[in-house]
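Fold and geometry: a report
The residues making up each chain are set out below.
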Amino acid sequence: MPIIRPVSDLRNNFTEISNIVHETSLPLFLTKNGYGDMVVMSMEAFDHLKLENEIFFKLKEAENEAKTTTKRYSHEEVFSEIKDMLSDRVRANEV
(Lines give C-alpha, C1' and ligand atoms only; values in the text may rest on other atoms or scores of the structure.)
Protein backbone atom coordinates (compact mmCIF):
# COMPACT_ATOMS: atom_id res chain seq x y z
CA MET A 1 0.00 0.00 0.00
CA PRO A 2 1.60 3.31 -1.01
CA ILE A 3 2.23 5.97 1.61
CA ILE A 4 0.52 9.19 0.53
CA ARG A 5 0.70 12.50 2.39
CA PRO A 6 -0.04 16.14 1.51
CA VAL A 7 3.01 18.16 0.42
CA SER A 8 2.47 20.49 3.41
CA ASP A 9 3.57 17.58 5.66
CA LEU A 10 7.04 17.93 4.20
CA ARG A 11 7.32 21.35 5.84
CA ASN A 12 5.18 20.74 8.91
CA ASN A 13 6.23 17.18 9.77
CA PHE A 14 9.67 16.81 8.19
CA THR A 15 11.10 14.59 10.96
CA GLU A 16 8.12 12.24 10.76
CA ILE A 17 8.41 12.03 6.96
CA SER A 18 12.14 11.37 7.25
CA ASN A 19 11.56 8.61 9.80
CA ILE A 20 8.92 6.98 7.61
CA VAL A 21 11.08 6.80 4.48
CA HIS A 22 14.10 5.53 6.42
CA GLU A 23 12.22 2.94 8.47
CA THR A 24 10.15 1.54 5.60
CA SER A 25 12.64 2.03 2.71
CA LEU A 26 9.54 2.83 0.66
CA PRO A 27 8.86 5.95 -1.37
CA LEU A 28 6.42 8.44 0.11
CA PHE A 29 4.07 10.14 -2.35
CA LEU A 30 3.24 13.79 -1.76
CA THR A 31 0.10 15.39 -3.12
CA LYS A 32 -0.69 19.01 -3.91
CA ASN A 33 -4.33 20.04 -4.18
CA GLY A 34 -5.30 16.38 -4.22
CA TYR A 35 -3.02 15.40 -7.12
CA GLY A 36 0.32 13.61 -7.15
CA ASP A 37 3.19 16.10 -7.02
CA MET A 38 6.41 14.53 -5.68
CA VAL A 39 8.00 11.37 -4.37
CA VAL A 40 10.36 11.34 -1.38
CA MET A 41 12.64 8.44 -0.52
CA SER A 42 15.75 7.75 1.53
CA MET A 43 19.16 7.91 -0.10
CA GLU A 44 19.59 4.18 0.54
CA ALA A 45 16.32 3.39 -1.24
CA PHE A 46 17.29 5.68 -4.12
CA ASP A 47 20.72 4.01 -4.46
CA HIS A 48 19.03 0.59 -4.44
CA LEU A 49 16.60 1.73 -7.14
CA LYS A 50 19.47 3.05 -9.26
CA LEU A 51 21.33 -0.26 -8.90
CA GLU A 52 18.24 -2.24 -9.91
CA ASN A 53 17.83 -0.01 -12.98
CA GLU A 54 21.48 -0.44 -13.96
CA ILE A 55 21.17 -4.22 -13.67
CA PHE A 56 17.95 -4.21 -15.70
CA PHE A 57 19.51 -2.15 -18.50
CA LYS A 58 22.66 -4.32 -18.56
CA LEU A 59 20.51 -7.45 -18.80
CA LYS A 60 18.42 -5.84 -21.56
CA GLU A 61 21.61 -4.90 -23.39
CA ALA A 62 22.90 -8.48 -23.11
CA GLU A 63 19.55 -9.82 -24.29
CA ASN A 64 19.60 -7.54 -27.34
CA GLU A 65 23.19 -8.52 -28.13
CA ALA A 66 22.26 -12.21 -27.84
CA LYS A 67 19.55 -11.65 -30.46
CA THR A 68 21.99 -10.12 -32.94
CA THR A 69 24.87 -12.60 -32.69
CA THR A 70 25.39 -16.34 -32.41
CA LYS A 71 28.61 -15.97 -30.38
CA ARG A 72 28.26 -17.37 -26.86
CA TYR A 73 30.76 -17.33 -24.00
CA SER A 74 31.34 -19.94 -21.30
CA HIS A 75 31.54 -18.84 -17.70
CA GLU A 76 35.26 -19.71 -17.75
CA GLU A 77 35.81 -17.27 -20.62
CA VAL A 78 33.84 -14.53 -18.91
CA PHE A 79 35.56 -14.91 -15.53
CA SER A 80 38.98 -15.17 -17.14
CA GLU A 81 38.37 -11.90 -19.01
CA ILE A 82 37.16 -10.20 -15.81
CA LYS A 83 40.22 -11.40 -13.87
CA ASP A 84 42.51 -10.10 -16.62
CA MET A 85 40.77 -6.71 -16.58
CA LEU A 86 41.04 -6.47 -12.80
CA SER A 87 44.72 -7.48 -12.89
CA ASP A 88 45.38 -4.78 -15.49
CA ARG A 89 43.70 -2.17 -13.28
CA VAL A 90 45.68 -3.26 -10.22
CA ARG A 91 48.94 -3.06 -12.18
CA ALA A 92 48.00 0.39 -13.54
CA ASN A 93 47.34 1.65 -10.00
CA GLU A 94 50.68 0.31 -8.74
CA VAL A 95 52.69 2.43 -11.17
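Quick note: structure is the one above.
Here is a short report on the structure shown in this document. (Residues numbered from 1 in each chain as written. Predicted model: local features only at pLDDT ≥ 70, side-chain atom pairs only at ≥ 80, totals over all residues. Heavy atoms only, no water.)

Examining a nonpolar patch on the surface
A surface patch of nonpolar side chains, about 510 Å² in accessible area, is lined by Tyr73, Val78, Phe79, Ile82 and Leu86. Inspection of the secondary structure assignment puts valine 78 in helix α4 (residues 75–94). (Patch = residues over 30% accessible without salt bridge, like charges linked within 9 Å, V, L, I, M, F, W, Y side chains within 5 Å. Areas by Shrake-Rupley, 256 points an atom, 1.4 Å probe, with all protein chains shown as cover. Salt bridge = Lys/Arg side-chain N within 4 Å of Asp/Glu carboxyl O. Helix = DSSP H or I, 4+ residues; strand = E, 2+ residues; numbered from the N terminus.)

Let's talk about the environment of serine 87
With respect to the helices and strands, serine 87 occurs in helix α4. Relative accessible area serves as the criterion here: at 34%, serine 87 is assigned to the partly exposed category. (Buried < 20%, exposed > 50% of the residue type's maximum accessible area, 1.4 Å probe, protein only.)

Comments concerning the pattern of salt bridges
Applying the stated criterion across every chain yields a total of four salt bridges. Close ionic contact of lysine 60 with glutamate 63 constitutes a salt bridge, the shortest N to O distance being 3.2 Å. Placement of both lysine 60 and glutamate 63 in helix α3 (residues 43–68) is noted, with a separation of three residues, approximately one turn of the helix. For aspartate 88, the salt bridge identified is with arginine 91, shortest N-O distance 2.5 Å. Here arginine 91 and aspartate 88 lie together in helix α4, a separation of three residues that amounts to about one turn. Judged by its relative accessible area of 49%, arginine 91 is partly exposed. Where salt bridges share partners, they join Arg5, Asp9 and Glu16 into one cluster.

Section: the pairing of strand β2 (residues 28–32)
Strand direction decides the pairing type here: strand β1 (residues 3–6) and β2, joined by four bridges, are parallel. Residue pairing for β2: isoleucine 4 is matched across the bridge by phenylalanine 29. Of the strand pairs in this sheet, β2 and strand β3 (residues 35–40) are connected by five bridges, and their pairing is antiparallel. Bridge pairing links phenylalanine 29 to valine 39 in β3. Counting the residues that bridge the hairpin from β2 to β3 gives two residues, and of these asparagine 33 lies at a positive phi of roughly 55 degrees. (Pairing = 2+ DSSP bridges.)

Looking at the side chain of arginine 5
Within the element layout of this structure, arginine 5 appears in strand β1. A polar side-chain atom of arginine 5 sits 3.2 Å from a polar atom in the side chain of glutamate 16. Residue contacts for arginine 5: discarding those within four places in its chain leaves Asn13, Glu16, Ile17, Ile20, Leu28, Phe29, Leu30 and Thr31. (Polar contact = N/O pair within 3.5 Å; in protein donor to acceptor, adjacent residues only side chain to side chain. Contact = heavy atoms within 4.5 Å.)

The values reported here are purely geometric and, on their own, carry no functional implication.
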